[in-house]
Amino acid sequence: MKTYGSEPGAPSPVQVGISELVVSDGDDTLKSYGLGSCLAIALYDPDSDIGGLAHIMLPDGDAVDNSDRKPGKYADTAIRALLRRMVEQGASYTTVEAKIAGGSDMFEFESFGDGVGQRNIAAAKDELEKLGVPLIAEDVGGSHGRTVEFTPGTGTLVVKTADESADHGVKEL
Amino acid sequence: MKLDVNALGTFYRMAREGAGLAAGRLTHMTGVETQVGVTKLNFMRGREIERDFEDSREKIGVRVNLTGAIEGYSMIVFDRENALRTVETLRSESNEPIDVAGGEFDEMTESAVTEVGHIMNSGFIDGWADVLETVIDVSTPEFVQGETAEPFFGDVDSAPETDDLALLFQSRIETVGAEVGFNHYLFPKRESMASLLDRLRTSGGIEYDKLDGFDRMAERGAEEVAKTATTLTGIDTSVEIRRLNFVSLEAIPEQVADEKLVGVAFEFDGMPSGYLLFLFDEDSAHEIVDAMVPMEVDEDGFGEMGTSAIKELGNIMASGFLDGWANVLDTTIDHSTPEFIHDMGAAAVDPVIIQLGENQEFAFVFDTVVVADGREFDCEIYAIPDESDLERALNDLDVDRIEETPTTAEFQEVNNT
């Protein structure tokens, strides 16, 4: 089971579970564990240090009736909800930038078709382009899991993989 | 009694809402940040619940009797230490002196724990009443303590008998950083549950007895898996936990250990179709490779030999598991070739819930844990059928077949003493 312990001294990161999104304006670290085909979408405004992280599982919320109840579940609705909440907190729409990580294809099952991870990546990129939000960094695809930590204050997105070889599996976007 | 996904979904929302309110009140009381851990609707047999309790840790419970829209018992259960720590936190907030060094529950501590437990219970119950838009009456709280299940629900008439399958609400609330947590259980009375289900159901639904019957079959399938594992590896294994959960899809990866795991995944196709995952911690996986590969293997991590040994074990366990289902459902269920994974546990599960998530919000999960005595062999098994397939398969199920259906092997109690 999941534990919520934290290292002494370090402020505990805010967990962003599947289908959740969190917006913050401080030095909080927002963290999503064990992304496989799910996608982490981080938006931030470098001028106001306001940013947010979404942990989406499906591409297309507009095709679903009740996506307004859980906007964080879908790539398109999550990006719009993040943007709206950030602007409400004082971010400037025009300076917001995006980073994404995740969207692996872990298994080659027949029922998965082209790959559930790929669908999420494509949907996120489409929506960002539609809204004119530049995607400045990404670590997507492949067939491995990722844990991400996003600090809105600096815009840093740290991506960890279970791969123990090069760089200890840690990448900074 | 009949249930359907809509009714169970409402129950699930009730449980989440209640857990949220209870967590909020705990934060308010203690000034400590809290989080809702796992929330589940479990279908569990009496003996499984007993096993859940028997971890030889002293526990404290605060129990209330419910009447009105829901009848039954609601209970907050703390590990004894956690109860003390919670009271400690409370008293330090109010600057009252505290002396729990001896660990004895004096009258004051007992009444403080009872009060906390009661406020938590009330939080849950208010949450359910909100969702149901109705009134639930609560008795005065009762303080219970002990190491086994007996004192907690031995005298609760709505708790299931050893062989009975009961619907149980379980939630866990934890403080952030302070490592205080507790479990919440609701044992509703069967009649009360039946009338609520009738009210909330929007489709024909599944006959409860069929679910019960199918679960009994799944239980035998799990025993079969343990036996297969024993035969193949020579490691004596047995089924430790087995339950049928009804959870939101998002909650499934969250219950997987937050560490690097070794797994074998399958898709299965038939009536029902779905996904089957076997997950091992790394130590267990190494032990399995050592047991199955006769020669000394000099490989980093899990090389070709190790991978194929684990895939082979997974393949045979999957057949044992699914054959049991197919036999009782009088159908065939085919499964794919095994896919090996050595990665973060949650990452192995999320593709499956994404795929199912296109068409469903919740899932029945057949949760099984197989363990070995004295040696490393911990295997978590998740079988997640497609919801509409499962509903159809269950409706076609002839409950009388269950006892008559031969399983692929002779079943016997796995004795690991």
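Residues numbered from 1 in each chain as written. Chains lettered and ligands numbered in written order. Predicted model: local features only at pLDDT ≥ 70, side-chain atom pairs only at ≥ 80, totals over all residues. Heavy atoms only, no water.

- Chain B is annotated in an unreviewed UniProt entry as Chemotaxis protein CheC of Natronolimnohabitans innermongolicus JCM 12255.

- An unreviewed UniProt entry annotates chain A as Probable chemoreceptor glutamine deamidase CheD originating from Natronolimnohabitans innermongolicus JCM 12255.
- Under the UniProt heading Function (unreviewed entry), the entry covering chain A gives this text: "Probably deamidates glutamine residues to glutamate on methyl-accepting chemotaxis receptors (MCPs), playing an important role in chemotaxis."
- Its UniProt record gives chain A the following Sequence similarities (unreviewed entry) comment, quoted word for word: "Belongs to the CheD family." (UniProt positions renumbered as here; feature names shortened; annotations may be inferred.)

Notes on a negative patch on the surface
Residues and elements named next belong to chain B.
Here comes step 1: Taken together, Glu240, Asp258, Glu259, Asp283, Glu376 and Asp378 make up a surface patch of like negative charges.
Here comes step 2: Tracing the backbone shows Asp283 in helix H9 (residues 282–292).
Here comes step 3: Assessed through its relative accessible area of 48%, Asp283 is described here as partly exposed. (Patch = residues over 30% accessible without salt bridge, like charges linked within 9 Å, V, L, I, M, F, W, Y side chains within 5 Å. Areas by Shrake-Rupley, 256 points an atom, 1.4 Å probe, with all protein chains shown as cover. Salt bridge = Lys/Arg side-chain N within 4 Å of Asp/Glu carboxyl O. Lys, Arg positive; Asp, Glu negative; His and termini not counted. Charge placed at Lys NZ, Arg CZ, Asp CG, Glu CD. Helix = DSSP H or I, 4+ residues; strand = E, 2+ residues; numbered from the N terminus. Buried < 20%, exposed > 50% of the residue type's maximum accessible area, 1.4 Å probe, protein only.)

Observations concerning the sheet that holds strand E5 (residues 50–56) of chain A
All names here are of chain A.
Here comes step 1: Read from one edge of the open sheet, five strands run E2-E5-E4-E6-E7, paired in mixed fashion. Every other strand in the sheet has two partners, leaving strand E2 (21–24) and strand E7 (135–140) as the edge strands with one partner each. Pairs of neighbouring strands in the sheet enclose a mean axial angle of 10°, with direction left out of account.
Here comes step 2: Where strand E4 (residues 39–45) and strand E6 (residues 97–102) come together, six bridges link them in antiparallel fashion. Across the sheet, the residue bridging to Leu43 is Ala98, located in E6.
Here comes step 3: The strands touched by helix H2 (residues 116–131) are E4, E5, E6 and E7; relative to E4, the strand with the most contacts, the crossing angle is about 20°. (Pairing = 2+ DSSP bridges. Axes fitted to C-alpha atoms, helices over the stretch in contact; angles between N-to-C directions. Contact = heavy atoms within 4.5 Å.)

Observations regarding the UniProt feature "domain: CheC-like protein" (unreviewed entry) in chain B
Residue and element names in this part refer to chain B.
Here comes step 1: Mapped onto the present numbering, the UniProt feature "domain: CheC-like protein" (unreviewed entry) falls at residues 108–144 and 305–341.
Here comes step 2: Here residues 108–144 is 68% helix and 16% strand, with 15 Å between the C-alpha atoms at its ends.
Here comes step 3: Within residues 305–341, the helical portion is 68% and the strand portion 16%, while the C-alpha atoms at the span's ends are 14 Å from each other.

Notes on the interface of chain A and chain B
Here comes step 1: Taken together, the 42 residues of chain A in the interface contact 38 residues of chain B.
Here comes step 2: A combined buried area of about 3300 Å² lies between chain A and chain B, and 57% of that area is made up of carbon and sulfur atoms.
Here comes step 3: Counting every contact that joins chain A to chain B gives three salt bridges.
Here comes step 4: For the salt bridge of Glu361(B) with Arg69(A), the shortest nitrogen-to-oxygen distance reads 2.9 Å.
Here comes step 5: Here chain A and chain B share 15 residue pairs in polar contact (both at pLDDT 80 or more) between them.
Here comes step 6: Contributions of two or more residues to the side of chain A that touches chain B are made by strand E3 (30–35), H2, strand E8 (146–151) and strand E9 (156–161) of chain A. (Buried area = accessible area lost by both parts, 1.4 Å probe. Polar contact = N/O pair within 3.5 Å; in protein donor to acceptor, adjacent residues only side chain to side chain.)

Overview of the packing of aromatic side chains
Residues and elements named next belong to chain B.
Here comes step 1: Under the defined criterion, the tally for this structure stands at 26 aromatic pairs over all chains.
Here comes step 2: For the pair Tyr12 and Phe362, a centre-to-centre distance of 5.5 Å together with 70° between the ring planes defines the contact as edge-to-face. Residue Tyr12 is found in helix H1 (residues 5–30), and its partner Phe362 is found in strand E15 (residues 362–372); the two are separated by 350 residues along the sequence.
Here comes step 3: Considering the side-chain rings of Trp128 and Phe169, the 6.1 Å spacing of their centres and the 50° angle between planes classify their relative orientation as tilted. Of this pair, Trp128 sits in helix H4 (residues 107–132) while Phe169 sits in strand E7 (residues 165–175), placing them 41 residues apart in sequence.
Here comes step 4: For Trp128, a relative accessible area of 0% gives the class buried.
Here comes step 5: Accessibility expressed as a relative area gives 2% for Phe169, which makes it buried.
Here comes step 6: One aromatic cluster in this structure is built from Tyr12, Phe43, Tyr208, Phe246, Phe362 and Phe364. (Phe/Tyr/Trp six-rings, centres within 6.5 Å; stacked < 30°, edge-to-face > 60°.)

Some details on the packing of H1(B) against helix H6 (residues 190–200) of chain B
Residues and elements named next belong to chain B.
Here comes step 1: Taken N-terminus to C-terminus, the directions of H1 and H6 make an angle of 110°; their axes are 8 Å apart at the nearest point. Relative to H6, the element H1 lies roughly perpendicular. Judged by the sense of rotation from one axis to the other, the crossing of H1 with H6 is right-handed. Contacts from Asn6, Ala7, Thr10 and Phe11 in H1 reach Met193, Leu196, Leu197 and Leu200 in H6.
Here comes step 2: The residue makeup of the contact of H1 with H6, split by class, is six nonpolar, two polar and no charged. (Parallel < 35°, antiparallel > 145°, perpendicular 65-115°, else oblique. Left-handed = near helix turned anticlockwise from the far one by under 90°. Nonpolar A, V, L, I, M, F, W, Y, C, P; charged D, E, K, R; others polar.)

A short note on the side chain of Asn245(B)
Residue and element names in this part refer to chain B.
Here comes step 1: Mapping Asn245 onto the fold places it in strand E10 (residues 237–248).
Here comes step 2: A polar atom in the side chain of Asn245 sits 2.6 Å from the side chain of Asp367.
Here comes step 3: Setting aside residues no more than four positions away along its own chain, Asn245 makes contact with Lys40, Leu41, Asn42, Ala363, Phe364, Val365 and Asp367.

Considerations on H2(A)
Side chains of residues three or four places apart in an α-helix project in the same direction, reflecting 3.6 residues per turn.
Here comes step 1: If you check H2(A), its first and last C-alpha atoms are 23 Å apart, about what 16 residues at 1.5 Å a residue would give, namely 22 Å.
Here comes step 2: Listed as buried for H2(A) are Val116(A), Gly117(A), Asn120(A), Ile121(A), Ala123(A), Ala124(A), Glu127(A), Leu128(A) and Leu131(A). Projected down its long axis, H2(A) shows its buried positions confined to an angular sector of 165°, all on one face. Turned more than 90 degrees from where H2(A) packs its buried face, Asp126(A), Glu129(A) and Lys130(A) sit exposed.
Here comes step 3: Contact partners of the buried residues in H2(A): E4, E5, helix H1 (75–88), E6 and E7 of chain A together with helix H11 (345–357) of chain B.
Here comes step 4: Trailing H2(A) by a residue or two, Gly132(A) shows a phi angle of about 70°, which is positive. (Expected span 1.5 Å × (residues − 1). Arc of directions from axis to C-beta.)

Digging into the sheet that holds E9(A)
All names here are of chain A.
Here comes step 1: Spatially, the five strands line up as an open sheet ordered E1-E3-E8-E9-E10, and their pairing is mixed. Pairing within the sheet leaves two strands with one partner each, and these edge strands are strand E1 (14–15) and strand E10 (170–172).
Here comes step 2: Note: E3 against E8, four bridges, orientation antiparallel. Among the inter-strand pairings, Leu30 is bridged to a residue of E8, identified as Phe150.

Details of the pairing of E6(A)
All names here are of chain A.
Here comes step 1: Across the six residues that make up E6, a large majority, five, are buried.
Here comes step 2: The pairing of E6 with E7 spans five bridges and is classified as parallel. Bridge pairing in E7 places Ala98 opposite Leu135.
Here comes step 3: As for the winding sense of the linkage, the β-α-β connection from E6 through H2 to E7 is right-handed. (Right-handed = clockwise from strand over helix to strand, strands pointing away.)

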